[in-house]
Amino acid sequence: MAVVYATLFLSLSILPYFVHICNSETTTVPWYESLPAVAMDYKVHIDPGKEDCYFQYVNPGATFYVSFQVLRGGDGMAGFAVRHPNGQIVHPYQWRPNADYQDQASTGGYYSVCIDNQFSRFAAKLVNLYLTVIRYDQWDKFTKEVEELNLSVSNFTESIKGVERNINEMLQYQHHTRGRETWDYNLLEDNNRYVQNWSVAQILVITCTTVLQVYFVRKLFEIKNPRPRA
């Protein structure tokens, strides 16, 4: 079983309307999956020759986005596939260092996200997995409730929607930037370790060679005392 280091970011609005939604809905899904926006960032360790799948619930009509990036291990590539709740593979396996998938209007259900490392028989992989679920329909419900109070906030609501989309895009960009930075840092560490190991090995070889040369040169000039004859 893979070891998963997860950091969960919940995009919460300060509007009391969303608090009312969370308290009024009675579902069997985890509490954070009923929120208007959810963003999750995982670092997953995939053993060589293994395949791991993860499931994410997406509300009907929500926007689902998932991306992966290999941070460390082997050739820096892995397989990535996404299966729709209806069983169809909407993103087939491809052996790549990174990839992403987005569904603008999901029919709802549990998406399956799989990471495949079966082509790598000896090297484990560290993979960064990023998922977001955005429910833009919640803004329409908020607009209807405010309109019942005879308030015209259509421009305000559209502005809020635009801000929410921009924030989501910014979070996705930051995720890719963090993943790229981590990949570069790991590459620098690997190169530094490689150079240090080879440098130490070469120093040892040179030292041993020098000691052997000095020893044999001294043996050439060594004068043995002849034994006295009787």
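Predicted model, so just to flag it, every value in this text is computed and none were measured.

Draft legend 1. Structural context of the nonpolar core. In this structure, F64, V66, F68, F80, V82, V113 and L129 are the most contacted members of the largest nonpolar core, which totals 20 residues. For this core, the secondary structure elements donating two or more residues are β2 (37-46), β4 (63-72), β5 (78-83), β8 (98-103), β9 (109-116) and β10 (125-134). Those residues within four positions of F64 in sequence are excluded, and the remaining contacts are Q56, V58, V82, Y101, Q102, D103, Y111, V113, L131, T132 and V133.

Draft legend 2. Focus on the pairing of β10. With 10 of 10 residues buried, β10 is to be regarded as a mostly interior element. Side-chain alternation along β10 places K125, V127, L129, L131 and V133 on one buried face and L126, N128, Y130, T132 and I134 on a second face that is also buried. Pairing of β2 with β10, which is carried by 10 bridges, proceeds in the antiparallel orientation. Looking at the pairing, V44 lines up with V127 of β10. Judged from the nine bridges that link them, β4 and β10 form a sheet pairing that is antiparallel. Considered in β10, the bridge of T63 is made with I134.

Draft legend 3. Representation of the state of the cysteines in the model. Applying the stated criterion to the full structure yields one disulfide. Each sulfur of the disulfide joining C53 and C114 lies 2.0 Å from the other. Looking along the S-S bond of the C53-C114 disulfide, the torsion reads about 110°, which is the right-handed sense. Pair noted here: C53 is in strand β3 (residues 51-58) and C114 is in strand β9, with a separation of 61 residues, a long-range link. A relative accessible area of 35% means that C53 is categorised as partly exposed.

Draft legend 4. A look at a nonpolar patch on the surface. Taken together, the side chains of V163, I167 and M170 define a hydrophobic patch exposed on the protein surface, amounting to about 240 Å² of accessible area. Among the secondary structure elements, V163 is positioned in helix α3 (residues 154-220). Taking the relative accessible area as the measure of exposure, V163 reaches 45% and is therefore partly exposed.

Draft legend 5. Region of interest: the pattern of salt bridges. Using the criterion set out here, one finds two salt bridges in the structure. Across the salt bridge formed by D75 and K125, the nearest N and O atoms sit 3.4 Å from each other. Here the residue D75 occupies a position in the loop between β4 and β5, and K125 occupies one in strand β10, the gap between them amounting to 50 residues. Judged by relative accessible area, D75 falls into the partly exposed class, the value being 49%.

Procedures and definitions
Residues numbered from 1 in each chain as written. Predicted model: local features only at pLDDT ≥ 70, side-chain atom pairs only at ≥ 80, totals over all residues. Heavy atoms only, no water. Core = buried A, V, L, I, M, F, W, Y, C linked by side-chain atoms within 4.5 Å. Buried < 20%, exposed > 50% of the residue type's maximum accessible area, 1.4 Å probe, protein only. Helix = DSSP H or I, 4+ residues; strand = E, 2+ residues; numbered from the N terminus. Contact = heavy atoms within 4.5 Å. Pairing = 2+ DSSP bridges. Disulfide = S-S within 2.5 Å. Patch = residues over 30% accessible without salt bridge, like charges linked within 9 Å, V, L, I, M, F, W, Y side chains within 5 Å. Areas by Shrake-Rupley, 256 points an atom, 1.4 Å probe, with all protein chains shown as cover. Salt bridge = Lys/Arg side-chain N within 4 Å of Asp/Glu carboxyl O.

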